[in-house]
Amino acid sequence: MSLHDQLWGYFSAADSNRSGQLEAHELQRCLSNGSWAPFDISTTLWGYVQSWSNVFYECDRNRSHSISFKELKRVLKSLQYNVSDNFVSLLTYKYSHYGQEIRFDHYVEICVAMHMLTDQFRALDTNQNGYATMQYEQFLSIMFSTR
Ligand SMILES: [Ca+2]
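Residues numbered from 1 in each chain as written. Predicted model: local features only at pLDDT ≥ 70, side-chain atom pairs only at ≥ 80, totals over all residues.

Taking an unreviewed UniProt entry as the reference, the chain is identified by name as EF-hand domain-containing protein belonging to Fonticula alba.

And the structure:
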C-alpha cells in the first residue's frame, strides 16, 4: 500500500462526518487520545504527526500557536528540507489565510505534501543531486496523486 493510500485511510477514519475535511474536533480527537481508531497507535503516520507537532511547537517562538514565514523557514530547515525563501513565501501565501499566520492544521497539510512530494521526487532523482527527469504525464500523476 502506498503512503498516499495509507494516509487516505487514516484521514477517512478520522473524518467521522464524511465532510471531506478534518474539523477541529476530529483532529483534536485523533491527536488527543492518539487512537486514530481503528488504527494502531504505532503507525508510521502517528510518528510523523508527533514529530511534526514537536517541530511546530519548537519553531513557534512567539507562542502564537501559528507559524509565520520566518518560523516556517526554521521548520523546513529543521525537517531537513533545503528550500529557498521564495518557496517558503509561496507556501506561506498558499497556506495562510488573509495574510495571517499558518495554523497547525494547515501546517500538517504542508508537512504531508512536502513528505509525499519529496519521496516521489527522490525516487526519480537517481543521482540524489536535486535533479530529476520526468515525462509530462509522470509529473501530472505525481501532482494529482498527492492531492
Ligand atoms: Ca508563531
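From this point on, the discussion continues.
Participant: Is there a simple way to explain the overall build of the chain in this structure?
Facilitator: Counting its secondary structure elements, the chain contains 7 helices and 2 strands. Mapped from its N terminus to its C terminus, the chain presents α and β elements in the order α-α-α-β-α-α-β-α-α. Taking all 147 residues of the chain together, the buried fraction comes to 14%. The contacts in the chain between residues at least 6 apart in sequence include a share of 44% that link residues at least 24 apart. (Helix = DSSP H or I, 4+ residues; strand = E, 2+ residues; numbered from the N terminus. Buried ≥ 20, exposed ≤ 12 C-beta atoms within 10 Å, placed from the backbone. Contact = placed C-beta atoms within 7 Å.)

Participant: For this particular structure, what's the right way to read helix α6 (residues 104–124)?
Facilitator: Residues that lie three or four places apart on an α-helix share one face, since the helix turns once every 3.6 residues. The end-to-end C-alpha separation of α6 is 30 Å, in line with the 30 Å expected for 21 residues at 1.5 Å each. Of the positions making up α6, those classed as buried are Tyr107, Ile110, Cys111 and Gln120. (Expected span 1.5 Å × (residues − 1).)

Participant: Honestly, the UniProt feature "domain: EF-hand" (unreviewed entry) in the chain in this entry has me stumped. Any pointers?
Facilitator: UniProt annotation of "domain: EF-hand" (unreviewed entry) refers to residues 47–82 when read in the numbering used here. Helix makes up 64% of residues 47–82 and strand makes up 6%, while its end C-alpha atoms are separated by 22 Å. (UniProt positions renumbered as here; feature names shortened; annotations may be inferred.)

Participant: Explain the environment of tryptophan 52 here, please?
Facilitator: Residue position: tryptophan 52 is located in helix α3 (residues 44–59). With 20 C-beta atoms counted inside 10 Å, the residue tryptophan 52 sits in the buried group. In the structure, tryptophan 52 is positioned 59 residues away from cysteine 111 in sequence and 7.2 Å away in space, judged by C-alpha atoms. Excluding anything up to four places from it in sequence, tryptophan 52 contacts Val108 and Cys111.

Participant: When you look at the environment of lysine 94 in this model, what are you seeing that I'm missing?
Facilitator: You can see lysine 94 is positioned in helix α5 (residues 85–95). A residue is classified by how many C-beta atoms lie within 10 Å of it, and lysine 94, with 11 of them, is exposed. When the C-alpha atoms of lysine 94 and isoleucine 110 are compared, they prove to be 9.8 Å apart, with 16 residues separating the residues in sequence.

Participant: Quick question: what am I supposed to make of the nonpolar core here?
Facilitator: The nonpolar side chains of soluble globular proteins are, as a tendency, buried together. Phe56, Ile67, Leu72, Val75 and Tyr107 are the most contacted members of the largest nonpolar core, which has 13 residues in total. Listed by contribution, the elements that provide at least two residues to this core are α3, α4 (69–78) and α6. Residue contacts for phenylalanine 56: discarding those within four places in its chain leaves Ile67, Val75, Phe104 and Tyr107. (Core = buried A, V, L, I, M, F, W, Y, C linked by C-beta atoms within 7 Å.)

Participant: Which parts of the structure should I look at to understand unusual backbone geometry?
Facilitator: Peptide bonds are mostly trans, and most non-glycine residues show a negative phi. The phi torsion at arginine 63 lies on the positive side, around 55 degrees, for a residue other than glycine. Position of arginine 63 relative to the elements: it lies in the loop between α3 and β1 (66–67). In this structure, glutamine 80 takes a positive phi of about 70 degrees despite not being glycine. Note that glutamine 80 resides in the loop between α4 and α5.

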